[in-house]
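Each chain, letter by letter, is given below.
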Amino acid sequence: MKGPPPYLQIFREEVKIGRSGFHPAAEAGWPRAFARAKIPNYYIAMTTLYGPDEAWFCAGVGSIAEVEEQNQAIEKAPGLTRELDQLSLADAANISAHQSLLARHLPDLSNGRDINAAEMRVWEVLMFQVRPGHEGDFAQAAKVCRTMIEGAKVEAPWATYEIMAGMPGPVFLVFVPHKTLAEIDPATGTGAAIEKAMNEETMKKLGALSEGFSTVEHLIFSVSPAMSYAPPDWVKQDPGFWGRKATTASNSGP
């Protein structure tokens, strides 16, 4: 699928303190099970570098009907539901909470050149909890940012999604891709160019519009290839990364 997928399923897990080393080995069973059943519900797994200790599993789909088709395929695959139940039971020792979210892409509020998601290793996620009735403030803020960046001729793609189901709303998620962690540094590169373009007038506009937000959470994730179910072309493109296997806590120390 080229560009941000129209819909995104996000399975969000809170990892228990002291269990982050065991979690990847448990999660690695899921992509193996799906691959054996030949179900192409590919997803990217990522874990927080900065923020609460969480793992997010993000699966892009072209339509809600595609979600239904995948669910039906899982139900019909011989023995798969039982295997997934066993994996969930084993993983319960590692997680304290689980949340399933469904979100839809908002192209008009994104900044959009296509990216090769297979090359991205770090993702920033900004979660905007918006006051009911102030969705227009968020939309206007996104457009102000895009106009500023376009005017500065800065390469800064992002994809905006609106949560459709799974948590109290309105909530908007902004996904910002990076090839390296260094790219988030506001003192260099893209970050510095954006700060330079942020004039007083733009800051005043964004400040006024931010009154419509209840909270803004900024998370930074690194991609976990061992917990991901990567499409075959991604594995072929970079087998050294996407072909990595999970290790247990006992042999994954520094």
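Residues numbered from 1 in each chain as written. Predicted model: local features only at pLDDT ≥ 70, side-chain atom pairs only at ≥ 80, totals over all residues. Heavy atoms only, no water.

(A) Representation of the packing of helix α5 (residues 135-152) against helix α7 (residues 200-209) within the structure. The contact between α5 and α7 brings their axes to 9 Å, and the two run at 160°. What the angle tells us is that α5 and α7 run roughly antiparallel. For the pair α5 and α7, the crossing hand works out as left-handed. Judged by residue contacts, Asp 137, Gln 140, Ala 141, Val 144, Cys 145 and Met 148 of α5 engage Thr 202, Lys 205, Leu 206 and Leu 209 from α7. For the contact of α5 with α7, a count of residues per class yields 6 nonpolar, 2 polar and 2 charged. (Axes fitted to C-alpha atoms, helices over the stretch in contact; angles between N-to-C directions. Helix = DSSP H or I, 4+ residues; strand = E, 2+ residues; numbered from the N terminus. Parallel < 35°, antiparallel > 145°, perpendicular 65-115°, else oblique. Left-handed = near helix turned anticlockwise from the far one by under 90°. Contact = heavy atoms within 4.5 Å. Nonpolar A, V, L, I, M, F, W, Y, C, P; charged D, E, K, R; others polar.)

(B) Seen up close, the pattern of salt bridges. Per the stated rule, a full pass over the model turns up 6 salt bridges. Among the ionic pairs, Arg 104 bridges to Glu 162, the shortest N-O distance being 3.1 Å. Linking Arg 104 in strand β4 (residues 95-105) with Glu 162 in strand β6 (residues 159-165), this pair joins segments that are 58 residues apart in sequence. Residue class for Arg 104 comes out partly exposed when judged on its relative accessible area of 36%. (Salt bridge = Lys/Arg side-chain N within 4 Å of Asp/Glu carboxyl O. Buried < 20%, exposed > 50% of the residue type's maximum accessible area, 1.4 Å probe, protein only.)

(C) Inspection of the packing of aromatic side chains at higher detail. Inspection of every chain in the model, using the stated rule, returns 14 aromatic pairs. Consider the rings of Tyr 42 and Tyr 229, whose centres lie 4.8 Å apart with planes at 55°: the pair is tilted. Taken as a pair, Tyr 42 in the loop between α2 (29-36) and β2 (44-50) and Tyr 229 in the loop between β8 (213-223) and α8 (232-237) lie far apart in primary sequence, 187 residues in all. Cluster of aromatic residues (ring-pair linked, three or more members): Trp 30, Phe 34, Tyr 42, Tyr 43, Phe 57 and Tyr 229. Directly above the ring of Phe 241 sits Arg 121, whose terminal nitrogen or CZ lies 3.7 Å from the centroid. (Phe/Tyr/Trp six-rings, centres within 6.5 Å; stacked < 30°, edge-to-face > 60°. Lys NZ or Arg CZ within 6 Å of the ring centre and 35° of its normal.)

(D) Expanded view of the pairing of strand β7 (residues 171-178). Counting buried positions along β7 yields 8 of 8 residues, so the element is predominantly enclosed. Residues Val 171, Leu 173, Phe 175 and Pro 177 line one face of β7 and the alternating positions Phe 172, Val 174, Val 176 and His 178 line the opposite face, and both faces are buried. As defined by bridge partners, strand β5 (residues 122-130) adjoins β7 across 8 bridges and the pair is classed as antiparallel. Bridging across to β7, Met 127 finds its partner in Leu 173. As judged from the 4 bridges shared by β6 and β7, these two strands associate in the antiparallel manner. What sits directly across from Glu 162, in β7, is Phe 172. Where β6 folds back on β7, the antiparallel hairpin that results is connected by 5 residues, among which Gly 166 adopts a positive phi of roughly 120°. (Pairing = 2+ DSSP bridges.)

(E) View of the nonpolar core. Counting residues in each nonpolar core, the largest one holds 27 residues, and the members touching the most others are Ile 10, Met 46, Trp 56, Leu 173 and Phe 175. Residue contacts for Ile 10: discarding those within four places in its chain leaves Trp 56, Phe 57, Cys 58, Gln 99, Ser 100, Leu 101, Leu 173 and Phe 175. If you look at the next biggest cluster of nonpolar residues, it comprises 20 residues, including Leu 109, Ala 142, Val 144 and Ile 149. (Core = buried A, V, L, I, M, F, W, Y, C linked by side-chain atoms within 4.5 Å.)

(F) Highlighting the sheet that holds β5. On the basis of which strands lie adjacent, the closed barrel formed by 8 strands has the order β1-β3-β2-β8-β5-β7-β6-β4 and antiparallel pairing. Each strand of the sheet is rotated relative to its neighbour by a mean of 35°, with strand direction disregarded. Bridging between β4 and β6 involves 4 bridges; their strand directions are antiparallel. Its bridge partner lying in β6, Arg 104 is registered against Glu 162.

(G) Fine view of unusual backbone geometry. Of note, the amide linkage connecting Gly 169 to Pro 170 takes the cis form, showing an omega dihedral of 5°. Looking at the secondary structure, you find Pro 170 in the loop between β6 and β7. Unusually for a residue other than glycine, Lys 38 sits at a positive phi of about 60°. Mapped onto the secondary structure, Lys 38 falls in the loop between α2 and β2.

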